[in-house]
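# Residue-level structure breakdown
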Amino acid sequence: MSAFFITGTGTGIGKTFVTAGLLRVLRPQGASAIKPVLSGYDSAPGSDPALLLEAMGHAVSEKAVAAIAPFRFAAPLSPDMAASREGRAIDFAAALSFCRQAAARPETVLIEGVGGVMVPLDDRHTTLDLMAALNLPVLLVAGSYLGSISHSLTAMAALAQAGITPALVIVNDSGTGEVPLAETAETLGRFLPGQAIATLPRPAQETDFVPVAGLLLGKRETAA
Ligand SMILES: Nc1ncnc2c1ncn2[C@@H]1O[C@H](COP(=O)(O)OP(=O)(O)OP(=O)(O)O)[C@@H](O)[C@H]1O
Ligand SMILES: [Mg+2]
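Small disclaimer: the values here were computed from a predicted structure and weren't measured.

### With respect to the overall build of the chain
- Per the secondary structure count, the chain includes nine helices and eight strands.
- What you see for the chain is a C-alpha radius of gyration of 16 Å, in line with the 17 Å of a compact globule of 224 residues.
- Based on the C-alpha atoms only, the size of the chain along its principal axes is roughly 45 × 40 × 35 Å.
- Counting the 224 residues in the chain, one finds 45% classified as buried.
- Within the chain, counting contacts between residues at least 6 apart in sequence, those at least 24 apart form 75% of the total.

Now the structure itself:
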């Protein structure tokens with residue numbers, strides 16, 4: 001049993017892209033993913049759960065989506081707001097229990113978070129509370145756009161306050177071309193001594209995920 005929580009410094013940073021890439025590499029050894037909470041859900045192709053199902057080699061159906069993404073809402077708002085638009089609220093305890101059950105499966109389980117580190121899930125809890133309660137190794141996906149170093153260090157400070165040190169930070173090329181990827185990772189490393197940091201180019205190919213998956217499995221052994 002080994003599971004990881006994939007969070008990010010913000011929405012659209014590459015969490016699904018990274019999770020799907022890792023799934024493809026880890027699939028032969030057994031890997032699956034869930035996306036417990038998502039807003040802005042549309043059943044058209046290309047949703048996060050659909051991409052994760054495809055990366056797992058599963059057919060995409062509403063039933064399959066519901067099985068890996070039970071708390072999904074249509075409005076492109078934070079999950080608490082999106083749920084309230086439907087007269088609903090996310091049951092934090094139920095979301096936690098869903099994640100715990102998935103994490104207990106024998107294969108490597110990747111749990112994709114929603115948006116950034118402190119996205120509100122209900123009136124009182126953010127994703128940070130979910131990560132803290134789960135106590136699983138965390139992967140933080142960061143970017144390389146101008147401003148991402150501050151966003152990344154801020155996210156790390158929030159995680160640290162909750163007692164979380166990410167198993168791995170992945171600096172995913174934002175494709176803006178403003179700031180060199182390697183320099184971003186080096187700078188983060190100077191401010192985060194001892195932190196494992198990997199980079200991913202854009203466009204990333206399947207082979208780019210192989211070393212990242214290797215690092216991840218190494219962390220699993222450490223975490224076990
Ligand atoms: N390294 C990369 N190479 C090529 N495309 C990338 C890369 N990283 C991200 N993308 C693309 O950038 C877009 C945003 O990434 P993604 O959907 O994975 O973000 P996210 O963090 O999962 O967003 P959300 O908060 O909505 O879940 C997607 O179209 C994805 O395919
Ligand atoms: Mg996503």
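### Remarks on the environment of F209
- When you line up the elements, F209 lands in helix α9 (residues 206-223).
- Note: C-alpha distance between F209 and A103 (106 residues apart in sequence) is 22 Å.
- With residues near it in sequence (within four places) discarded, F209 still touches G21, L22, R24, V25 and A204.

### Some remarks on the sheet that holds strand β8 (residues 197-200)
- Taken together, the six strands give an open sheet; going across it, the order is β2-β5-β1-β6-β7-β8, and neighbouring strands pair in parallel fashion. Strand pairing shows two members of the sheet lacking a second neighbour, β2 (31-34) and β8, which therefore form its edges. Across the sheet, the axes of successive neighbouring strands diverge by a mean angle of 25°, strand direction being ignored.

### Here's the deal with the site of ligand 1
- Neighbouring residues of ligand 1: 16 residues in total, closest T11, G14, K15, T16 and F17.
- It is helix α1 (residues 15-26) that contributes the most residues to the shell around ligand 1, three residues altogether.
- A per-class count over the shell around ligand 1 returns five nonpolar, seven polar and four charged.

### Describing the pairing of strand β6 (residues 138-142)
- Buried residues dominate β6, accounting for five of its five residues.
- Of the two faces of β6, the one carrying V138, L140 and A142 and the one carrying L139 and V141 are both buried.
- Here strand β1 (residues 2-8) pairs with β6 via four bridges, running parallel. Looking across to β6, one finds that F5 is bridged to V138.
- Across four bridges, β6 lies against strand β7 (residues 168-172) in parallel orientation. By the bridge assignment for β7, L139 is matched with L168.
- As a crossover connection, the stretch from β6 through helix α7 (residues 148-161) into β7 is right-handed.

### Looking at the environment of A213
- Here A213 is to be found in helix α9.
- Along the primary structure A213 and G175 are separated by 38 residues, whereas in three dimensions their C-alpha atoms are 22 Å apart.
- Setting aside residues up to four positions removed in sequence, A213 forms contacts with L22, V25 and L26.

### A word on the packing of α1 against helix α2 (residues 48-56)
- With their axes 8 Å apart at the nearest point, α1 and α2 run at an angle of 15° to one another. Relative to α2, the element α1 is oriented roughly parallel. Crossing hand, α1 versus α2: right-handed. Across from T16, T19, A20, L23 and R24 in α1, the residues of α2 making contact are D48, L51, L52, A55 and M56.

### Structural notes on the nonpolar core
- Residues F4, L22, L23, L110, I111, L139 and I170 are the most contacted members of the largest nonpolar core, which totals 63 residues.
- Ranked by residue count, the leading element in this core is α1, at six residues.
- Look past the residues within four positions of I111 in its chain and what remains in contact with it is A3, F4, F5, I6, I34, P36, C99, A102 and A103.

### Focus on the environment of A133
- By secondary structure assignment, the location of A133 is in helix α6 (residues 127-134).
- The exposure class assigned to A133 is partly exposed, which follows from the 16 C-beta atoms found within 10 Å.
- Placed 40 residues apart in sequence, A133 and A93 show a C-alpha to C-alpha distance of 10.0 Å.

Cut-offs and rules
- Residues numbered from 1 in each chain as written.
- Chains lettered and ligands numbered in written order.
- Predicted model: local features only at pLDDT ≥ 70, side-chain atom pairs only at ≥ 80, totals over all residues.
- Helix = DSSP H or I, 4+ residues; strand = E, 2+ residues; numbered from the N terminus.
- Rg over C-alpha atoms; globule rule 2.2 N^0.38 Å.
- Buried ≥ 20, exposed ≤ 12 C-beta atoms within 10 Å, placed from the backbone.
- Contact = placed C-beta atoms within 7 Å.
- Pairing = 2+ DSSP bridges.
- Axes fitted to C-alpha atoms, helices over the stretch in contact; angles between N-to-C directions.
- Near = placed C-beta within 6 Å.
- Nonpolar A, V, L, I, M, F, W, Y, C, P; charged D, E, K, R; others polar.
- Right-handed = clockwise from strand over helix to strand, strands pointing away.
- Parallel < 35°, antiparallel > 145°, perpendicular 65-115°, else oblique.
- Left-handed = near helix turned anticlockwise from the far one by under 90°.
- Core = buried A, V, L, I, M, F, W, Y, C linked by C-beta atoms within 7 Å.

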